[in-house]
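Residues per chain are reported as follows:
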Amino acid sequence: MARIGRGHPNRPVVVRQPRFFDAHAPLDVFETVAEWPALSIFTPGITIPLSVFETVAEWPSLLVRQDVNLALGVFETVAEWPQITVTTPILPGDLITGDCQVEWGRLLLGGFGNVYQVLDPGVEGWDDLPELDSGNAPRSARHGSWSGRDYAQERTVSATIAIDGPLDSTAFVLAMRNFRRAFGVSEDGSEQTLTIRTRGETLLAYAKAQARVMPTALYTQGWTAVNVRWVCSDPRRYDLQQQSVTVSPGGAANCTNDGDVSTSPRIKIFGPVANPVIENTSLGRILRFNVNVPSGQMLDVDTNKGTVLLDGEDAMDTLSQLAVPVEEWVLAAGTNTISYTVTSGGTGGIEIQFRSAYL
């Protein structure tokens, strides 16, 4: 008997759990420089929380298995922050501690226990009005003169200094040598600061030593009285404190000269800026420059020296014919209102540095 059809049994379905194998993610030894290297993980179910840490030299070899949490705790390295040392220069007047003292460069004259003492009558010529160059011009059709502006001549200051050395002759010789060195001839003609305190008022001037008369009669007793004289090419005396005033483009600010005579400021014009104009509206005096100051550079105007420098190079030719001479742009005694305008740029503004001046 023939079969009708032919049956084949179905293949049984077997449900199996997925197979998992331990996975290794070895990381070779490497050295960290500035950032964490790229890290690739090819197995699921792994968490690597890294706390804040600092490496010493290199990261250790790392082996990670599946379903393992690896935590690195905070640890300390041997590296330390280097010690910071800050030094500041000695400023004029820092050595002075009382009245009737004179600071000449880095040499202090006067004061208790000092080998150099200021003898009576003290310092001469310091508070005197220097000789004047008259600006008067004779009248041609009548008696007298046309009144003109007077200018002070250089200031001469003198004093008598006693060198009262110890009985040790070597120390006395050393004191004399230091004194002679301080009152020697300026090799390059430059001046240094002469700072004097009288009745609580401390002012400074810029001077050169002009004379030193040093008798030797009492050398054997470790004592001598020396007559010294300074000459100040600029007769004005100045406050120790330098003032600094900033002015933004399109704005104005006040500069107060507490002295009794005009003072010559230094003006720093910061780039980028085109065609800066600085006006002392109190005096009606303008400095105008036809120049483009690049970003990161500065136009440096020194009204005392009468110089204009752009990034250290002479730029006097950028001064407009509509401006006053650089040396005539001054801050009068009292309050001066300063305005600043530009064609473009000028966000860096200007800085005006000055000291109050006294005759």
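Up top is the structure.
Residues numbered from 1 in each chain as written. Predicted model: local features only at pLDDT ≥ 70, side-chain atom pairs only at ≥ 80, totals over all residues. Heavy atoms only, no water.

(A) Just the sheet that holds strand E17 (residues 277-280), in detail. Read across the sheet, four strands follow the order E14-E23-E17-E18 without closing on themselves; strand pairing throughout is antiparallel. Each edge of the open sheet carries a strand with a single partner, namely strand E14 (251-257) and strand E18 (285-288). When the angles between neighbouring strand axes are averaged without regard to direction, this sheet yields 20 degrees. Two elements, E14 and strand E23 (residues 334-341), share seven bridges in a ladder whose sense is antiparallel. Paired with Ala-252 across the bridge in E23 is Ser-339. (Pairing = 2+ DSSP bridges. Helix = DSSP H or I, 4+ residues; strand = E, 2+ residues; numbered from the N terminus. Axes fitted to C-alpha atoms, helices over the stretch in contact; angles between N-to-C directions.)

(B) The arrangement of the sheet that holds strand E25 (residues 350-354) in detail. Spatially, six strands are ordered E13-E25-E15-E20-E21-E22 in an open sheet, and the strand pairing comes out antiparallel. The open sheet has two edge strands with one neighbour each: strand E13 (243-247) and strand E22 (313-314). As defined by bridge partners, strand E15 (residues 266-270) adjoins strand E20 (residues 298-302) across five bridges and the pair is classed as antiparallel. Its bridge partner lying in E20, Ile-267 is registered against Val-301.

(C) The environment of Gly-148, seen in detail. By the element assignment, Gly-148 lies in the loop between strand E6 (145-146) and strand E7 (151-152). What makes Gly-148 partly exposed here is its relative accessible area of 27%. Here the alpha-carbon distance between Gly-148 and Ser-134, two residues 14 residues apart in the chain, equals 7.1 Å. Each residue touching Gly-148, except ones within four places of it in the same chain, is listed here: Gly-135 and Asn-136. (Buried < 20%, exposed > 50% of the residue type's maximum accessible area, 1.4 Å probe, protein only. Contact = heavy atoms within 4.5 Å.)

(D) Fine view of the environment of Leu-109. Within the fold, Leu-109 resides in strand E2 (residues 107-109). The class for Leu-109 is buried, based on a relative accessible area of 0%. Sequence-distant contacts of Leu-109, defined by excluding residues within four places in its chain, comprise Cys-100, Gln-101, Val-102, Asn-114, Tyr-116, Val-118, Ile-161, Phe-179, Phe-183 and Trp-230.

(E) Up close: a positive patch on the surface. Taken together, the side chains of Arg-177, Arg-180, Arg-181 and Arg-212 define a basic patch exposed on the protein surface. One can find Arg-177 in helix H1 (residues 169-182). (Patch = residues over 30% accessible without salt bridge, like charges linked within 9 Å, V, L, I, M, F, W, Y side chains within 5 Å. Areas by Shrake-Rupley, 256 points an atom, 1.4 Å probe, with all protein chains shown as cover. Salt bridge = Lys/Arg side-chain N within 4 Å of Asp/Glu carboxyl O. Lys, Arg positive; Asp, Glu negative; His and termini not counted. Charge placed at Lys NZ, Arg CZ, Asp CG, Glu CD.)

(F) Geometry of the side chain of Gln-353. Within the secondary structure, Gln-353 sits in strand E25. Here Gln-353 falls in the buried class, since its relative accessible area comes to 13%. For Gln-353, the residues in contact, after removing those within four places along its chain, are Gln-242, Gln-243, Ser-244, Pro-265, Arg-266 and Lys-268.

(G) Geometry of unusual backbone geometry. Note the cis peptide between Asp-120 and Pro-121, where omega equals 10 degrees. Its location among the elements puts Pro-121 in the loop between strand E3 (116-118) and strand E4 (132-133). Cis rather than trans, the peptide bond between Gly-271 and Pro-272 has omega equal to 0 degrees. A positive phi is found at Asn-275, a non-glycine position, where the angle reads about 55 degrees. You can call Asn-275 partly exposed: its relative accessible area is 28%.

(H) Spotlight on the packing of aromatic side chains. Scanning all chains against the criterion turns up seven aromatic pairs. Within the aromatic cluster, the residues linked to one another by ring pairs are Trp-104, Tyr-116, Phe-179, Phe-183 and Trp-230. We note Arg-139 situated over the ring of Trp-146; from NZ or CZ to the ring centre the distance is 3.5 Å. Geometry around Trp-126 places Arg-237 over its ring, the cationic atom sitting 5.3 Å from the centre. (Phe/Tyr/Trp six-rings, centres within 6.5 Å; stacked < 30°, edge-to-face > 60°. Lys NZ or Arg CZ within 6 Å of the ring centre and 35° of its normal.)

So, to be careful, I would describe these as geometric facts and stop short of saying anything about function.
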